[in-house]
Amino acid sequence: MSRLITAARDTAARIDAATPAHRDRAVDALRAFAVAGVVLGHWLVTALVADGRTLRAASPLQHLPWLAPVSWAFQTLAVFFLVGGHVATRSYASARERGVPYRRWLHARLARLFGPVVAVLGLWTVVTLTLLLSDAEYATVRTLVKLALSPMWFLLVFAVLTAATPLVARLHPLWPLAVVLHIDVLRFGFGAPDGLGWLNLAAGWLVPYTLGAAWTRGELESRRPGWVLLGGGTAATAALVAWAGYPAAMVGVPGAEVSNLNPPTLAAVTFGLAQCGLALLLRDRLRRAMRRPLAWAAVALVNLSAMTVFLWHQTALMATTATLLPAGPLPGLHTVPDGLGRVAARLPWLIVFALALAVCGAAFRTWEQGGGRRRRVRPSRVVRAHRPMTERTPHV
């Protein structure tokens, strides 16, 4: 055990030493926090319950709605879009200074996004065909495929916003926020078709993305904007939930009439503003915390496999659930999440899900690095610098 601890500390020290001193480690810490929040949130609130030959999705929030505040800690997508907007606008500015054409810049960024997707789609195409040919219940196949591919919507939205970076780099966040407000007024106040709400899929996540661009421009360096976003976003969200009838849960709940997430509502966006404010306020503390080699090594490892973790975490959950189904129903895994005992029984399974995810990561890690092809090893992007825009530097 002491040798393992020593080896871990030596590895962490090497990663720390290889990281440029001027790299903003808070950016990586926020990204790692956002990815971890989404993964843990899904693992905690997503359940597959056996109903005869059919597997159906369930959530403890269906049966224990007073647990809705737990979802606030794990709905971290706004932070991911904040960091994404910050990194993309900085990267694009650097590319322009180096004379890199927009097409080449965009291709490089989208290749890192969609490279790992090929493996996910390939595997689930085979799994889906196998299940259908084996006479599995259609409802079960639909549930599994929907859960496995649900992270894809995030990639599509993020890709669209990345492609629009030159157009939105100086857009004020109030403009997309106003779009979300008006769409919700039309939907919930005047009975407009629910399909209109899908416009919020772009407008809602454009709000934190443009906040990230404002961060790049240096407009959010003082603590005042962070406090305004945190206080204003918290007050607005509380008012919308308490008096405007918005759901308290910030994640999707099976069977719910209205979801704050699919598509994003005004409450989800104001909640995201509060999260972004808190993230901005925590930057200095995160920079100090990331000076510790072990903490920085953990964040670096998450960032190295961020897309793999994000895309495969639902598959890890479902593989564990399906593999152990013949031994079930196992508490916390196959049972209906309708009580605190079942919620507590879920916690140990997080370790099993993490191990299954590690197996997926080991099997498909090369897709994140180079689309499944073996390539010459290059220095990790995690230890390359987040340099100021005025310097000539490789994209981040």
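Just above, that's the structure.
Before going into details, it helps to say that this report is about the structure given with it. (Residues numbered from 1 in each chain as written. Predicted model: local features only at pLDDT ≥ 70, side-chain atom pairs only at ≥ 80, totals over all residues. Heavy atoms only, no water.)

## Notes on the overall build of the protein
A count of helices and strands for the protein gives 18 helices and 2 strands. Across the protein, contacts joining residues at least 24 apart in sequence account for 79% of those joining residues at least 6 apart. Of the roughly 19600 Å² that the protein leaves accessible, carbon and sulfur atoms contribute 66%. Counting 40 positive and 17 negative side-chain charges, the protein places the centres of these two groups 10 Å from one another. (Helix = DSSP H or I, 4+ residues; strand = E, 2+ residues; numbered from the N terminus. Contact = heavy atoms within 4.5 Å. Areas by Shrake-Rupley, 256 points an atom, 1.4 Å probe, with all protein chains shown as cover. Lys, Arg positive; Asp, Glu negative; His and termini not counted. Charge placed at Lys NZ, Arg CZ, Asp CG, Glu CD.)

## A look at the pattern of salt bridges
Tallied over the full model, the rule gives 7 salt bridges. For Asp28, the salt bridge goes to Arg31, with nearest N and O atoms at 3.3 Å. In this pair, Asp28 and Arg31 are both assigned in helix α2 (residues 25-45), 3 residues apart and thus about one turn of the helix distant. According to the relative accessible area criterion, Asp28 is buried, its value standing at 1%. With relative accessibility at 18%, the residue Arg31 sits in the buried group. The network of salt bridges with shared partners includes Arg23, Asp28 and Arg31. (Salt bridge = Lys/Arg side-chain N within 4 Å of Asp/Glu carboxyl O. Buried < 20%, exposed > 50% of the residue type's maximum accessible area, 1.4 Å probe, protein only.)

## With respect to the packing of helix α5 (residues 77-97) against helix α8 (residues 152-163)
Relative orientation of the contacting elements α5 and α8 amounts to 30°, with a least axis distance of 11 Å. It follows that α5 is roughly parallel to α8 by the angle criterion. α5 and α8 meet at a crossing whose hand is right-handed. For the pair α5 and α8, contact is made by Leu77, Phe80, Phe81 and Gly84 and by Trp153, Phe154, Val157, Phe158 and Leu161, respectively. Classifying every residue of the contact of α5 with α8 by side-chain character gives 8 nonpolar, 1 polar and no charged. (Axes fitted to C-alpha atoms, helices over the stretch in contact; angles between N-to-C directions. Parallel < 35°, antiparallel > 145°, perpendicular 65-115°, else oblique. Left-handed = near helix turned anticlockwise from the far one by under 90°. Nonpolar A, V, L, I, M, F, W, Y, C, P; charged D, E, K, R; others polar.)

## Some thoughts on unusual backbone geometry
That bond from Asn262 to Pro263 is cis: its omega, -5°, falls within 30 degrees of zero. Along the chain, Pro263 turns up in the loop between α12 (224-243) and α13 (266-281). Phi is positive for Asp135, close to 65°, though the residue is something other than glycine. In this fold, Asp135 is placed in the loop between α6 (102-133) and α7 (138-149). Taking the relative accessible area as the measure of exposure, Asp135 reaches 57% and is therefore exposed.

## Structural notes on the environment of Pro193
Within the fold, Pro193 resides in the loop between α10 (174-190) and α11 (200-216). Judged by relative accessible area, which is 62%, Pro193 ranks as exposed. For the pair Pro193 and His42, spaced 151 residues apart in sequence, the C-alpha to C-alpha distance is 29 Å.

## Some remarks on the nonpolar core
Counting residues in hydrophobic clusters, the biggest one holds 76 residues, and the most contacted among them are Phe81, Phe154, Leu155, Trp205, Leu311, Trp312 and Met318. Other than its neighbours up to four places away in sequence, Leu155 contacts Leu113, Phe114, Val117, Met307 and Leu311. In terms of nonpolar packing, the next biggest core, distinct from the first, is built from 9 residues, Ile15, Ala29, Trp296 and Ala297 among them. (Core = buried A, V, L, I, M, F, W, Y, C linked by side-chain atoms within 4.5 Å.)

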